[in-house]
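Architecture and fold: a report
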Amino acid sequence: MTDASDDSTPAVVTDGFTKRFGSVTAVDGLELTVPAGSVYGLLGPNGAGKSTTIDALVGLVHATEGTVRVLGMDVRTSPVKIRRRTGILPDGFTPYERLTGREHLNAAARANRVTIDTDEALARVGLADAADRTAGGYSHGMTQRLGLAMALVGAPDLLVLDEPAAGLDPHGIELLRRIVREEHARGATVMLSTHQLAQVEAVCDTVGIIDDGRLVAEDSAETLRRTVETEATLRVRPTGSIDRARELLRDLNSVTGVTADDGVLIVQCDAEQETASVIAALERSDVALESYEKSLPGLEQVFEAYTDEQ
Amino acid sequence: MNGRHTVTALLNIVRLELRRHRRSRGTVGTLAGLTLFCTFWSVHNLSISTYPPNASLRNDGVFSVIDPGQNLLILDAATSVFVGPLLLCAGVLLGVGTVTTPRTEGTLRTIQTFPYSRRSVFVGLVLSRLVVIAVVVAVLTICTVVAASLAGVQLSRAMVFGFAVLLTLHAAGGVAVGAMVSTLRSEPIAVYLLGVVAAVGLLVMGGLLSSQFMQAGLFAPQTAFHVALAGLHENWTTLFQQALADATGDFRPLFGSMAAGVLVLCAWVVVPTLLGAVGYERWDLNR
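Quantities reported herein were computed from a predicted structural model and do not represent experimental measurements.

1. Considerations on helix α10 (residues 275-284) of chain A
Residues and elements named next belong to chain A. If you check which residues of α10 are buried, you get Thr275, Val278, Ile279, Ala281 and Leu282. The arc enclosing the buried residues of α10, seen along the axis, measures out at 160°, which places them on a common side. Those residues of α10 that are exposed and aimed more than 90 degrees away from the buried face are Ala276, Glu283 and Arg284. Check the buried side of α10 and you find it contacts β11 (232-238), α9 (242-250), β12 (255-261), β13 (264-269) and β14 (289-295).

Right under this line is the structure:
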């Protein structure tokens, strides 16, 4: 497996990618760019087109229109070369029931023409004790771990994980996050597709939100939070009278609610952009502030805003 | 370089699939049953134990071998309705599972995430099934040889080997046709129904059609099999003609050389495999 050769070449670029299954348009003119070396989270509700997009990246489905380029290569003309540098955990990964975990990894190693230490590879995903058990006896979580181990064989330049947390317990999810960080630190690009926002928030530096087959937003999680006019929460600790502060806040148009909690005022603002004006209004008044803390809208609110608006 | 990689890919896929087949109780049980049945029928049809030492061939409506010295045990096995046609149909149904079974299980997506081309995966899956059918024929042949030996019937090694190879090629044509059928639809029930239609079609082509249009018969796998077999022994052409005579007793002359028969059998393996590979390359392997 070669190292990522050119940091300036995006790991994934789709240009007008459209996929139709009969009369159903699963993906419609998708324009997606995954920067090399990033951890990219593809978010979307069920049926948004995430898995179809992932499948197209690795050649499991063919584009109806448009182009898909992975690691600088066209999927239509170089699918084998792409898969040689890409580790894939597909949605609903199914192992061979009668083969052991070790045999699966050996098959992946032979396919990628690399030599691996299967014990070490399985230990990395927490399957060391089940190496010689047939995969048919694995739980759903163990199966996902096996799929992850197979995707990691050969140190791929691009790691594509479709719903990787499905079936994983909290330990498994923490292990998944650790592996994603390790692969990112190694220089690989990681693209994970999920509807579980917590996974994206924990590890992704770029987020793409897909809905009804179209990319409706793509930016860092931080920027997406700021661009969405969802409620933000301020926690204000005044030094003076808390009642005076509460009275002042209620008079402000951008404040939708104020509650008191042990000397702290929890202020609901109707948009993140309004929090600065709320603080400024308090500071101009006779209410002194000891401290204040802003809670940005969660990614869930961002997600709902972008997918509900369409 | 690309050729070497393709061969390596094919070997890896065949190895993976054979390991899966070997450990599948369903596959092993079905094939063991098929082999035993065919072996039993071949031996039973001959009634070897009742042969007088100097008996000769007779065809009086029931093709019975009564001169074991002419390797006619093999000839009878070859023309038996429960060996040639059954193995052909079994080959078709085995071939139908080429793409259908792994797609239904979900392992088709798994193997396609490896850096193998679509063509390599399909051909590798077909090759693994050809190996399975070759094993069935080998076991059938060994059992027949052993049974004959126990009855004091000596068989020529060249005849036995030639018969086994040609029977494998014959059944392999069925596998290839079934594999091609498996790429026509994604719904398992539709694929298996099409497989049954294909199997019946092949039998009709080799039987009914060839009796009406001899030229059509040459391209039928069953006829090509008989033509190729007839070339194994200088006396067999006449014997085949006698055995395959129609209801009026008129001979249906076998035409074409053994080479032509072998070529047709090979075409029945190669052409459907290529067509199936082309069809499979265009598939979407979504869930």
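Don't stop here, the text continues.
2. A few points about a nonpolar patch on the surface
Residues and elements named next belong to chain B. Together, Leu93, Tyr192, Val196, Val200 and Val204 make up an exposed nonpolar region whose accessible area comes to about 380 Å². Here Tyr192 lies in helix α8 (residues 188-212). Residue class for Tyr192 comes out partly exposed when judged on its relative accessible area of 34%.

3. Some remarks on helix α12 (residues 258-281) of chain B
Working note: α-helix, 3.6 residues per turn, so residues spaced by three or four point in the same direction. Compared with the 34 Å implied by 1.5 Å per residue over 24 residues, the 35 Å span of α12(B) between its first and last C-alpha is a close match. Among all positions of α12(B), only Gly261(B), Val264(B), Leu265(B), Trp268(B), Val269(B), Pro272(B), Thr273(B), Gly276(B), Ala277(B) and Tyr280(B) are buried.

4. Remarks on the environment of Ile279(A)
All names here are of chain A. Secondary-structure assignment places Ile279 in helix α10. Between the alpha carbons of Ile279 and Leu289 there is a distance of 8.9 Å; along the sequence they are ten residues apart. Sequence-distant contacts of Ile279, that is, excluding residues within four places in its chain, are made with Leu234, Val236, Leu289 and Tyr292.

5. Re the side chain of Ser38(A)
Residue and element names in this part refer to chain A. Assignment of secondary structure puts Ser38 in the loop between β2 (24-34) and β3 (39-43). Exposure remark for Ser38: the relative accessible area of 7% places this residue in the buried category. Side-chain polar atoms of Ser38 contact the backbone oxygen of Pro35, separated by 2.7 Å. Excluding residues within four positions of it along the chain, Ser38 makes contact with His184, Ala188, Thr189, Val190 and Asp205.

6. Brief notes about the interface of chain B and chain A
By a widely used convention, the size of an interface equals the accessible area lost when the partners come together. Counting from both sides, the interface comprises 30 residues of chain B and, opposite them, 29 residues of chain A. Counting the surface lost from both chain B and chain A, the interface buries some 2800 Å², and carbon and sulfur atoms represent 54% of this. For the pair chain B and chain A, the interface holds four salt bridges. Across the pair Arg23(B) and Glu103(A) runs a salt bridge, and its minimum N-O distance is 2.7 Å. Elements supplying a minimum of two residues to the side of chain B that touches chain A: α1 (2-22) and α5 (107-112) of chain B. For the side of chain B that touches chain A, the element with the most residues is α1(B), which contributes seven residues.

7. Side note on the packing of aromatic side chains
All names here are of chain B. The final tally for this structure, using the stated rule, is three aromatic pairs over all chains. Aromatic side chains Tyr280 and Trp283 sit 6.2 Å apart centroid to centroid with 50° between the ring planes, which places their arrangement in the tilted category. Tyr280 sits in the buried class, given a relative accessible area of 0%. Residue class for Trp283 comes out buried when judged on its relative accessible area of 11%.

8. Side note on the confidence of the model for chain A
Residue-level pLDDT values for chain A average 87, and 91% of them are 70 or greater. Note on residues 1-5 of chain A: pLDDT under 50 across the span, and 18 contacts to partners over four residues away in sequence or across chains.

9. Section: the side chain of Ser182(B)
Considering the arrangement of structural elements, one finds Ser182(B) in the loop between α7 (157-181) and α8. The contact partners of Ser182(B), leaving out residues within four places of it in the chain, are Gly95(B), Val96(B), Thr98(B), Val99(B), Thr100(B), Val191(B) and Trp283(B).

10. Here we look at the pattern of salt bridges
Residues and elements named next belong to chain A. According to the stated counting rule, one finds 22 salt bridges over all chains in the structure shown. The closest approach of N and O atoms between Arg124 and Glu183, which form a salt bridge, is 2.8 Å. On the criterion of sequence distance, the pair formed by Arg124 in helix α4 (residues 118-124) and Glu183 in helix α6 (residues 170-186) is long-range, its members being 59 residues apart. Since its relative accessible area comes to 27%, Arg124 is described here as partly exposed. Note that Glu183 and Arg186 form a salt bridge whose closest N and O atoms lie 2.5 Å from each other. Highlighted residues: Glu183 and Arg186, both in helix α6, separated by three residues, approximately one helical turn. Residue classification places Arg186 among the partly exposed residues on the basis of a relative accessible area of 37%.

About the thresholds
Residues numbered from 1 in each chain as written. Chains lettered and ligands numbered in written order. Predicted model: local features only at pLDDT ≥ 70, side-chain atom pairs only at ≥ 80, totals over all residues. Heavy atoms only, no water. Buried < 20%, exposed > 50% of the residue type's maximum accessible area, 1.4 Å probe, protein only. Helix = DSSP H or I, 4+ residues; strand = E, 2+ residues; numbered from the N terminus. Arc of directions from axis to C-beta. Contact = heavy atoms within 4.5 Å. Patch = residues over 30% accessible without salt bridge, like charges linked within 9 Å, V, L, I, M, F, W, Y side chains within 5 Å. Areas by Shrake-Rupley, 256 points an atom, 1.4 Å probe, with all protein chains shown as cover. Salt bridge = Lys/Arg side-chain N within 4 Å of Asp/Glu carboxyl O. Expected span 1.5 Å × (residues − 1). Polar contact = N/O pair within 3.5 Å; in protein donor to acceptor, adjacent residues only side chain to side chain. Buried area = accessible area lost by both parts, 1.4 Å probe. Phe/Tyr/Trp six-rings, centres within 6.5 Å; stacked < 30°, edge-to-face > 60°. pLDDT = per-residue confidence, 0-100.

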